[in-house]
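Okay, here's what each chain looks like letter by letter:
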Amino acid sequence: MTAVAEVMDYDEVLERFDPVLGLEVHVELNTNTKMFCGCANVFGGEPNTHVCPVCLGMPGALPAVNGKAVESAMRIGLALNCEIAEWCRFARKNYFYPDMPKNFQTSQYDEPIAFNGYLDVELDDGSTYRVDIERAHMEEDTGKSLHVGGATGRIHGADYSLLDYNRAGVPLIEIVTKPLVGTGARAPEVARAYVAALRDLLRGLDVSDVRMDQGSLRCDANVSLMPKGATEFGTRTETKNVNSLRSVERAVRYEMTRHAAVLASGGTIRQETRHFDESTATTRAGRAKETAEDYRYFPEPDLVPIAPSREWVEELRASLPEPPWVRRKHLQEDWGLTDLELRDLVNADALELVAATVDAGAKPDDARSWWVSYLSQQAKTLNQELAELPITPAQVARVAALVADGSLTNKLARAVVDGVLAGEGEPDEVVEKRGLKVVSDDSALTAAIDEALAAQPDVAEKIRSGKVAAAGAIVGAVMKATKGQADAKRVRELIIERCG
Ligand SMILES: [Zn+2]
């Protein structure tokens, strides 16, 4: 394998160079059907079962544009503060690749549907960086190749390759930023924060599953360096299909340190695509980067131009949901959170879960406490995303309600949550099956108290003589006797009562 390139210390990179970023994000739309045919648009499935003459590129098959995909593209453009083209076309991007049966990709070239926008991105310290958006255009996804027989799953060393065209023709929106300058040391953070903000925005629009792990949101990160004081951008590399937020950050950082080492030693950066290796957090060279001329773009003759009426555009603009950052501000006010508490919630990816728990009837503080502390710990232990835990906001709200009405202590409530996570059913079923209800029957408690007083006569004497603090020992004994299912406050009251 290729040796790992030399890298420069990150602080030294920043002393000598300014980074310039360009981010291209591909989003698979969640329309029912593909971009230019009626095939189902679903993830997975038996290979080559969601295909037809159009998406297989059979001679004579004619495409037709998916209206819903055009609408989603316009909503994305509007949410990114873009202008929407009054008239635009599709174009053929010509190249050969086995996973693309038509030998061209239907895309948009110099006439994108949306252009000239921006997205304000909040960074970790609460400050904002404005990412200028150059364009958002429509295109179609390719199929998938599976290389069999090699050690790495890559084509090199493979015995043969299999092709699955289920993904061919799935609607894609490609969102391209303008060059991002002035980020300095924060370039990796800006890249990650931008993709995160974009993901939240798209999720709010309900136009895509935005699952980076399944490839419905993919980021290509362009990085170049210019020496301090220079005015011309350096040569860039494009790290392809980075598939997690953390990897976006690490890929940008690695490329900065690698470019700097090459440039400082008098070398030149080759314009090329690169692949990010998760396990080593490094990149390796891909193919030399093509230029637009290589693709011989020309307007697609089989599709009519798209000319959305201004009424349609304004209708879509008026129906956009509240952007995530505005929603955050509203929730912060409703729930009375400090900036720090809000950021903790966002960083824990718990905001929407808490909101859904509050919608299901829980108090904001209770909902927040469950998700940010106990459930976050459980997610970490199980090595799962918080949202993937097998417990719903409604179930959490039910547990919180049982605590609020005195049916459960906090400790018992955690046991109920454990039961739900273990697949034992709804909270009430877990309470029933595990026998977790608080013992609120005073006669049962009194019996346990009398027993504890009899077992510790010296303590009983102290309480009778007015040393109320000594009651703690008896409370402890009663809690033990009831397996933690007594309400400690009520037990204390009864002890004082019994001892006059
Ligand atoms: Zn099809």
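Here, every reference points to the structure presented above.
Owing to the predicted nature of the structure, the values given are computational and were not obtained by experimental measurement.

Structural notes on helix H16 (residues 488-498)
All buried positions along H16 are accounted for by Val 491, Leu 494 and Ile 495. Viewed end-on, H16 has its buried residues packed into an arc of 105 degrees, placing them on one side of the element. Of the residues in H16, the exposed ones pointing more than 90 degrees away from the buried face are Lys 489 and Glu 497. Packed against the buried residues of H16 are helix H13 (442-455), helix H14 (457-464) and helix H15 (471-481). Just past H16, the residue Gly 500 takes up positive phi, approximately 65 degrees.

Topic: the coordination of the zinc ion
Summarising the metal site, the zinc ion is bound by the protein donors Cys 37 (SG), Cys 39 (SG), Cys 52 (SG) and Cys 55 (SG), whose distances to it range over 2.3 to 2.4 Å. For the zinc ion, the 4 donor atoms are set out with angles of 100 to 116 degrees between them, so the coordination reads as tetrahedral. Donor residues for the zinc ion sit on one chain with the sequence pattern C-x1-C-x12-C-x2-C. Side by side, Cys 52 and Cys 55 carry an identical accessibility label, which is buried.

Section: the pairing of strand S5 (residues 114-122)
Pairing between strand S2 (residues 83-84) and S5: 2 bridges, direction antiparallel. When the sheet's bridge partners are listed, Ile 84 is paired in S5 with Ala 114. Note: S5 against strand S6 (residues 128-140), 8 bridges, orientation antiparallel. Bridge pairing links Asp 120 to Arg 130 in S6.

Comments concerning H13
Taking 1.5 Å as the rise per residue, H13 with 14 residues should run 20 Å; its terminal C-alpha atoms sit 20 Å apart, in good agreement. Considered for burial, the residues of H13 that qualify are Leu 445, Thr 446, Ala 448, Ile 449, Ala 452 and Leu 453. Each buried residue of H13 sits inside an arc of 165 degrees when the element is viewed along its axis, so together they form one side. Of the residues in H13, the exposed ones pointing more than 90 degrees away from the buried face are Glu 451, Ala 454 and Ala 455. For H13, the secondary structure elements touched by its buried residues are H14, H15 and H16.

Things to note about the sheet that holds strand S4 (residues 104-107)
Two modes of strand pairing occur in sheets, parallel and antiparallel, and in both the strands are linked by backbone hydrogen bonds. As summarised here, the arrangement of the 3 strands in space is S4-S3-S14, forming an open sheet in which the pairing is antiparallel. For this open sheet the edge positions go to S4 and strand S14 (298-299), each flanked by a neighbour on one side alone. Where strand S3 (residues 91-94) lies against S4, 4 bridges are found, and the strand directions are antiparallel. In the strand pairing of S4, Asn 94 is matched with Phe 104.

As for the sheet that holds strand S1 (residues 17-28)
Strand order in the open sheet made by the 9 strands is S2-S5-S6-S9-S1-S10-S11-S12-S13, with mixed pairing throughout. What marks the edges here is a single partner per strand, and that holds for S2 and strand S13 (282-288). The sheet contact formed by S6 and strand S9 (residues 171-177) spans 7 bridges and is antiparallel. Its bridge partner being in S9, Glu 139 is matched across the sheet by Leu 172. Along the sheet face, helix H4 (residues 245-264) touches S1, strand S10 (217-227), strand S11 (237-242), strand S12 (272-277) and S13 and points at about 30 degrees away from the line of S10.

Observations regarding the packing of aromatic side chains
Taken as a whole, this structure holds 5 aromatic pairs when the rule is applied. Seen in terms of ring centroids, Phe 36 and Phe 90 are 5.3 Å apart; in terms of plane orientation they differ by 85 degrees. Their pairing is edge-to-face. Within this pair, whereas Phe 36 is found in the loop between S1 and helix H2 (67-79), its partner Phe 90 is found in the loop between S2 and S3, the two being separated by 54 residues in sequence. Phe 90 carries the same exposure label as Phe 36, and that label is buried. Ring centres of Tyr 295 and Tyr 297 lie 6.0 Å apart, and the angle between their planes is 70 degrees; this geometry places the pair in the edge-to-face category. We classify Tyr 295 as buried; its relative accessible area is 11%. What links up through ring pairs into an aromatic cluster is the set Tyr 95, Tyr 109, Tyr 295 and Tyr 297.

Observations regarding the packing of H13 against H14
H14 packs onto H13 with a crossing angle of 105 degrees between their chain directions and a minimal axis gap of 5 Å. Taken together, H13 and H14 sit at an angle that is classed as roughly perpendicular. Along its contact with H13, which presents Leu 453, Ala 454 and Ala 455, the element H14 presents Pro 457, Ala 460 and Ile 463. Considered class by class, the residues forming the contact of H13 with H14 number 6 nonpolar, no polar and no charged.

Things to note about the packing of helix H8 (residues 351-359) against helix H10 (residues 393-404)
It is the contact of H8 with H10, at a shortest axis distance of 8 Å, that shows an interaxial angle of 55 degrees. In terms of orientation, H8 lies oblique with respect to H10. Every pair of crossing elements has a handedness; the one defined by H8 and H10 is right-handed. Residues Leu 353, Ala 356 and Thr 357 of H8 pack against Pro 393, Val 396 and Ala 397 of H10.

Comments concerning the pairing of S11
With respect to burial, S11 is a largely interior element, 5 of its 6 residues being buried. In the sheet, S10 pairs with S11 via 4 bridges, with the strands oriented antiparallel. Directly across from Ala 221, in S11, lies its bridge partner Thr 239. Alignment of S11 against S12, held across 3 bridges, turns out to be parallel. Across the sheet, the residue bridging to Glu 238 is Thr 273, located in S12. Between the parallel elements S11 and S12, the chain passes through H4 in a crossover that is left-handed.

Scoring rules and cut-offs
By convention here, each chain's residues receive numbers from 1 onward along its written sequence. The predicted nature of this model means local features are confined to residues of pLDDT at least 70 and side-chain atom pairs, given and counted, to a pLDDT of 80 or more, with totals for whole chains, interfaces and linings taken over all residues. Excluded from the side-chain calculation are hydrogens and water; included are all heavy atoms of the structure. Type-normalised accessible area, obtained with a 1.4 Å probe on protein chains alone, sets the label of each residue: buried when under 20%, exposed when over 50%, and partly exposed for intermediate values. Strands are runs of DSSP state E lasting at least two residues, helices are runs of H or I lasting at least four, and both sets are numbered from the N terminus onward. This arc is built from the directions going out from the helix axis to the C-beta atoms. Here, two residues are considered to be in contact whenever any of their heavy atoms come within 4.5 Å of each other. Coordination here is defined by N, O and S atoms within 2.8 Å of the metal (3.2 Å for Na, K and Ca), and since water is not considered, a site can look incomplete. Only four donors with every angle between 85 and 135 degrees are called tetrahedral; only four or six donors with opposite donors over 155 degrees apart and all others between 65 and 115 are called square planar or octahedral, in that order; all others are irregular. A pair of strands is treated as paired once DSSP finds two or more bridges between them. To estimate the expected span of a helix, subtract one from its residue number and multiply by 1.5 Å. Think of each axis as a best-fit line through the C-alpha atoms, taken over the contacting stretch in the case of a helix, with angles from 0 to 180 degrees between the N-to-C directions. What counts as a ring pair is set by centres within 6.5 Å for rings of Phe, Tyr and Trp (its six-membered ring), and what kind of pair is set by the plane angle: stacked under 30 degrees, edge-to-face over 60, tilted for all other angles. With respect to orientation, any angle under 35 degrees is reported as roughly parallel, any angle over 145 as roughly antiparallel, any angle of 65 to 115 as roughly perpendicular, and every other angle as oblique. Three classes are used, and their members are as follows: Ala, Val, Leu, Ile, Met, Phe, Trp, Tyr, Cys and Pro are nonpolar, Asp, Glu, Lys and Arg are charged, and the others, Gly among them, are polar. Each crossing gets its handedness from the near helix: less than a right angle anticlockwise from the far helix is left-handed, clockwise is right-handed. Look down the strands so they point away from you; if going from the first strand over the helix to the second traces a clockwise path, that crossover is right-handed.

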